[in-house]
Amino acid sequence: MLNDSTILPPVTLEETIEEIKRSGDKLLLRVALKASENELLEKKEIVKVLLIEEPERLRLLFKLADAIRRKYTGETVLIKGVIEFSNYCKKNCLYCGIRAANRKVERYRMKPEEIVETAERMAGLGINTIILQSGEDPYYTADLMEDIIREVRRRARTPVSISIGNRTKEEYTRFKEAGASKCLLKHETINREIFEAMHPDDDYDERISILKHTVEIGYIAGSGNIVGLPGQTIEDIAEDIIFLRDVGVKMVGLGPFVPASGTPLENHPPGDPDLTLKIYALVRLSIPRVFMPATTALGTLNREKQFQGFFAGCNVIMCNFTPEEYRKRYNIYNNKIPVEFYDTARRLRDQGWKLNPLVLKALEEHERREKEREMVS
Ligand code: SF4
């Protein structure tokens, strides 16, 4: 689909629309004109775009998403860092490797001081946001989470995002007051039937209601869906995109389903990476200023496609800073890749993306140390 030969020098949105006009592709032209005028795409248009398979049409679609991303969010790829601080979870989502019923998981919890020290190290590398992520673990009470958020903010002085699942509206309000400015609560699928089948312990309406609350109280709120759940159709995915647009989130984290051993879905086939790239493009067309990572799940299925995500509308990547001793135990799905900071920063720089100057400085310092080590050995 996308390959190096399709990665062209950036052009403006206007030039891209002219190229689409010349191609005679009526659907893409209509979609491009709507996106450029901030008009809402209709469900049937989204479905038709999701069904595009011809390489030349896909090239134009990604070029359009890329032009919109560059127009509204610039050339910079933001590197966020995640600390997976607990793999305990009280829930049993069918697709998840750390669900409570999976007895094979060796559980861990990081101590608050360990979390804060890890966050401090990340801040020194120019990480844009520190994401505190865990299963739904009641050990971290609202009081304890508030303390951790406050201390991370005080010592790392970097925006804090939380990704800790369903908490009450009151708790989300408290975490915001404690200093968390961003939060991610994925809706996973807007198809009620599939949601209920996948989440035996969750209430669909409650999840949506909490998500709306996080938007209303002023978080830079995020949500997202899984691509390739059992029974999911292209129409469902179009509805997911429309939901993300209409609910008012500013961050979207979506990736393909990846099977996890020891779960009811361990033999279900993974989601389609190429379809995921098309969804990235459509989310960018629908929410032009969105912060959207090229996700680890996509990289786990196909590392190259994760980086192609940056040419299909993505502008964020999440590097993993979970201490080594815990990292392998946060297996929400099989063979989860370690998105390492230096490797990621190097690839992005070499692809020509702009990075935070602090990230570049840290990378140069790392490369200097690498060279010194080579000379010694
Ligand atoms: S998806 Fe989240 S809430 Fe569900 S089992 Fe996994 S960690 Fe727990």
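Thresholds applied
- Residues numbered from 1 in each chain as written.
- Predicted model: local features only at pLDDT ≥ 70, side-chain atom pairs only at ≥ 80, totals over all residues.
- Domains from an automatic or database assignment.
- Contact = placed C-beta atoms within 7 Å.
- Helix = DSSP H or I, 4+ residues; strand = E, 2+ residues; numbered from the N terminus.
- Nonpolar A, V, L, I, M, F, W, Y, C, P; charged D, E, K, R; others polar.
- Near = placed C-beta within 6 Å.
- Buried ≥ 20, exposed ≤ 12 C-beta atoms within 10 Å, placed from the backbone.
- Expected span 1.5 Å × (residues − 1).
- Core = buried A, V, L, I, M, F, W, Y, C linked by C-beta atoms within 7 Å.
- Pairing = 2+ DSSP bridges.
- Right-handed = clockwise from strand over helix to strand, strands pointing away.
- Arc of directions from axis to C-beta.
- Axes fitted to C-alpha atoms, helices over the stretch in contact; angles between N-to-C directions.
- Parallel < 35°, antiparallel > 145°, perpendicular 65-115°, else oblique.
- Left-handed = near helix turned anticlockwise from the far one by under 90°.

Regarding the domain arrangement of the chain
Part 1 of the argument: Under the domain assignment used here, the chain contains domain 1 (4–71) and domain 2 (76–366).
Part 2 of the argument: Averaged C-alpha coordinates put domain 1 and domain 2 at centres separated by 27 Å.
Part 3 of the argument: Listed by partner, the interface residues are 18 residues for domain 1 and 19 residues for domain 2.
Part 4 of the argument: Of all elements in the fold, only α2 (26–36), α3 (43–50) and α4 (55–73) reach the threshold of two or more residues within the side of domain 1 that touches domain 2.
Part 5 of the argument: At 7 residues, the largest contribution of residues to the side of domain 1 that touches domain 2 is made by α4.
Part 6 of the argument: For the side of domain 1 that touches domain 2, a count of residues per class yields 15 nonpolar, no polar and 3 charged.

Points about the site of the ligand
Part 1 of the argument: Inspection of the region around the ligand gives C89, K91, C93, C96, I98, R99, G135, E136 and G165 as its neighbouring residues.
Part 2 of the argument: When its residues are assigned to classes, the shell around the ligand shows 4 nonpolar, 2 polar and 3 charged.

Comments concerning unusual backbone geometry
Part 1 of the argument: Not every positive phi belongs to a glycine, and N38 is a case in point at roughly 55 degrees.
Part 2 of the argument: Summarising the element assignment, N38 is placed in the loop between α2 and α3.
Part 3 of the argument: When the 8 C-beta atoms within 10 Å are taken as the criterion, N38 is described as exposed.

Quick notes on helix α11 (residues 273–286)
Part 1 of the argument: For α11, with 14 residues, the first-to-last C-alpha span of 20 Å sits near the 20 Å given by 1.5 Å per residue.
Part 2 of the argument: The element α11 is extensively covered by neighbouring structure, given that 12 of its 14 residues are classed as buried.
Part 3 of the argument: Every buried residue of α11 is listed here: P273, T276, L277, K278, I279, Y280, A281, L282, V283, R284, L285 and S286.

Examining the nonpolar core
Part 1 of the argument: Grouped together as the largest cluster of nonpolar side chains are 107 residues, with contacts concentrated most on I130, L132 and V283.
Part 2 of the argument: Among the elements that make up this core, the one with the highest residue count is α4 (8 residues).
Part 3 of the argument: The residue makeup of this core includes at least three contributed by each of domain 1 (4–71) and domain 2 (76–366).
Part 4 of the argument: In this structure V283 touches I241, L244, V252, V290, M292 and G313, once residues within four positions along its chain are discounted.

What about the sheet that holds strand β7 (residues 251–252)?
By definition, the strands of a sheet pair up through backbone hydrogen bonds, in either a parallel or an antiparallel sense.
Part 1 of the argument: Strand order in the open sheet formed by 7 strands is β7-β5-β4-β3-β2-β1-β9, with parallel pairing between adjacent strands. Among the strands making up the open sheet, the edge pair consists of β7 and β9 (316–320).
Part 2 of the argument: Here strand β1 (residues 78–86) runs beside β9; their pairing, made up of 5 bridges, is parallel. When the bridges of β9 are listed, L78 appears paired with V316.

As for the pairing of strand β3 (residues 160–163)
Part 1 of the argument: The pairing of strand β2 (residues 130–134) with β3 spans 4 bridges and is parallel. Note on β3: the bridge partner recorded for Q133 is S163.
Part 2 of the argument: Running through helix α6 (residues 142–156), the crossover from β2 to the neighbouring parallel element β3 is right-handed.
Part 3 of the argument: The sheet contact formed by β3 and strand β4 (residues 180–184) spans 3 bridges and is parallel.

Examining the pairing of strand β5 (residues 220–223)
Part 1 of the argument: Here β4 pairs with β5 via 3 bridges, running parallel. Following the sheet pairing, L184 is matched in β5 by G222.

Comments concerning helix α5 (residues 112–123)
Part 1 of the argument: With 12 residues, α5 should cover 16 Å at 1.5 Å per step; its first-to-last C-alpha distance of 17 Å lies within 8% of that length.
Part 2 of the argument: Looking at α5, one finds that the buried residues are I115, V116, T118, A119 and M122. For α5, the angular spread of the buried residues around the axis is 160 degrees, confining them to a single face.
Part 3 of the argument: On its buried side, α5 packs onto β1, β2 and α6.

Points about the packing of α6 against helix α7 (residues 169–178)
Part 1 of the argument: In the contact formed by α6 and α7, the axes pass within 8 Å of each other and the chain directions differ by 25 degrees. Judged by the inter-axis angle, α6 sits roughly parallel to α7. Seen from above, α6 lies across α7 with right-handed handedness. Only E171, R174, F175 and A178 of α7 make contact with α6, whose side of the interface consists of A142, M145, E146, I149 and R150.
Part 2 of the argument: Here the contact of α6 with α7 is composed, by residue class, of 5 nonpolar, no polar and 4 charged.

Looking at the environment of V11
Part 1 of the argument: Tracing the chain through its elements places V11 in the segment before α1 (13–23).
Part 2 of the argument: Distance in space between the C-alpha atoms of V11 and L64 is 9.4 Å, their sequence separation being 53 residues.
Part 3 of the argument: What V11 contacts, discounting residues up to four positions off in sequence, is T16 and A67.

Points about the environment of L41
Part 1 of the argument: You can see L41 is positioned in the loop between α2 and α3.
Part 2 of the argument: C-alpha of L41 to C-alpha of I242: the two residues are 201 residues apart in sequence and 8.4 Å apart in space.
Part 3 of the argument: Contacts of L41, omitting those with residues within four sequence positions, involve V31, K34, I46, L285 and S286.

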